[in-house]
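# A look at the structure
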Amino acid sequence: GEEMYGPDGADSIPTVITVSDVYAVENPSNVLSYYLGWTTSIPSNSRVVVQCGDEPSWSLSNDVLRDEHEMFVMGLVPGSVCQLGIRVFTSSASGEHDLEVTISALPEALPTITTVEPGTDQMQPGWTLWNFHRNGFPLTPTSSIIDEKGRYRWYHIFSTGTNRGRTQDQRPLARRRPAH
């Protein structure tokens, strides 16, 4: 490929950065988030452009030059197919890699949310943090972020027993200690 040369003409820098060893792993604690990673042929900055269905796109950036990249992407849309566009760059070179992830179904433990007249001008844009807890109701304790359309965009399910891989054991320390 075409090359650019530094001021002294000796150091060559490729104009195209190769993106390789790409992985996207669904977060086992929250299906609305993914761990991404990739390697670049030279140290570069990175940005991930996220597009889920017809929703507006948004991006995450890391402005540190490196060749091993990791990024945590959250706030994905339940039940959608999301495009994740990895963009890498320096002042004189760039590269890209696109991948697609299908967002899994939400866990049954999450309460069903119904919005009245979603998307009307009575609703303000943005996300809202909600905490669901028992207080006598048959409900799994959960912290959640809900968007203006009444969709989960993030959640954390609190375990009331031992750690089942979803979250930390939330019992008080005295109740976690084994009996003598």
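Being a predicted model, the structure only gives us computed values, none of them experimental. (Residues numbered from 1 in each chain as written. Predicted model: local features only at pLDDT ≥ 70, side-chain atom pairs only at ≥ 80, totals over all residues. Heavy atoms only, no water.)

### Re the sheet that holds strand β8 (residues 128-132)
Read from one edge of the open sheet, three strands run β8-β9-β10, paired in antiparallel fashion. At either margin of the open sheet sits one strand with a lone partner, and together these are β8 and β10 (152-157). Between one strand and the next, the sheet's axes are offset by a mean angle of 15°, whatever the strand orientation. Of the pairings in the sheet, the one linking strand β9 (residues 142-146) to β10 comprises five bridges and is antiparallel in character. Residue pairing across strands places Ile145 opposite Trp154, the latter belonging to β10. (Pairing = 2+ DSSP bridges. Helix = DSSP H or I, 4+ residues; strand = E, 2+ residues; numbered from the N terminus. Axes fitted to C-alpha atoms, helices over the stretch in contact; angles between N-to-C directions.)

### A short note on a negative patch on the surface
Taken together, the side chains of Asp21, Asp67, Glu68 and Glu70 make up a negatively charged region of the molecular surface. Here the element with the most residues in the negative patch is strand β5 (residues 58-74); it accounts for three residues. For Glu68, the position within the fold is in strand β5. By relative accessible area, Glu68 is classed as exposed at 52%. (Patch = residues over 30% accessible without salt bridge, like charges linked within 9 Å, V, L, I, M, F, W, Y side chains within 5 Å. Areas by Shrake-Rupley, 256 points an atom, 1.4 Å probe, with all protein chains shown as cover. Salt bridge = Lys/Arg side-chain N within 4 Å of Asp/Glu carboxyl O. Lys, Arg positive; Asp, Glu negative; His and termini not counted. Charge placed at Lys NZ, Arg CZ, Asp CG, Glu CD. Buried < 20%, exposed > 50% of the residue type's maximum accessible area, 1.4 Å probe, protein only.)

### Some words on the environment of Val101
One can find Val101 in strand β7 (residues 94-102). Taking the C-alpha atoms as reference, Val101 lies 9.3 Å from Cys52; in sequence the two are 49 residues apart. Once residues lying within four places of it in the same chain are set aside, the contact partners of Val101 are Ala24, Tyr34, Ser80, Val81, Cys82 and Leu84. (Contact = heavy atoms within 4.5 Å.)

### Comments concerning the nonpolar core
Trp38, Val48, Leu76 and Tyr152 are the most contacted members of the largest nonpolar core, which has 30 residues in total. Contributions of two or more residues to this core are made by β4 (33-52), β5, β6 (81-89), β7 and β10. Ranked by residues supplied to this core, first place goes to β4 with seven residues. Ignoring anything within four residues of it in the chain, the contact list for Trp38 reads Val19, Ser20, Asp21, Val22, Ser46, Val48, Asp67, Glu68, His69, Met71, Ile86 and Val88. (Core = buried A, V, L, I, M, F, W, Y, C linked by side-chain atoms within 4.5 Å.)

### A closer look at the pattern of salt bridges
Pairing of side chains with opposite charge becomes possible as their charged atoms draw close. Inspection of the entire model under this criterion finds six salt bridges. One salt bridge connects Arg87 with Glu96, and the closest N-O pair in it is separated by 3.9 Å. Note on Glu96: relative accessible area 54%, which makes it exposed. Salt-bridge contacts for Arg153 lead to Asp147; the nearest nitrogen and oxygen are separated by 3.0 Å. You can call Arg153 buried: its relative accessible area is 6%. When salt bridges that share partners are traced, they join Glu55, Asp147, Lys149, Arg151 and Arg153 into one network.

### Some remarks on unusual backbone geometry
Phi at Asp21 is positive, roughly 50°, even though this residue is not glycine. Tracing the sequence through the fold places Asp21 in strand β3 (residues 19-26). With relative accessibility at 59%, the residue Asp21 sits in the exposed group.

### Overview of the state of the cysteines
This structure, assessed with the given rule, holds one disulfide. Shown here is the disulfide that connects Cys52 with Cys82, its sulfur atoms set 2.1 Å apart. Given an S-S torsion of about 105°, the disulfide between Cys52 and Cys82 has right-handed geometry. One end of the pair, Cys52, is in strand β4; the other, Cys82, is in strand β6, and 30 residues separate them in sequence. Judged by relative accessible area, Cys52 falls into the buried class, the value being 4%. Judged by relative accessible area, Cys82 falls into the buried class, the value being 0%. (Disulfide = S-S within 2.5 Å.)

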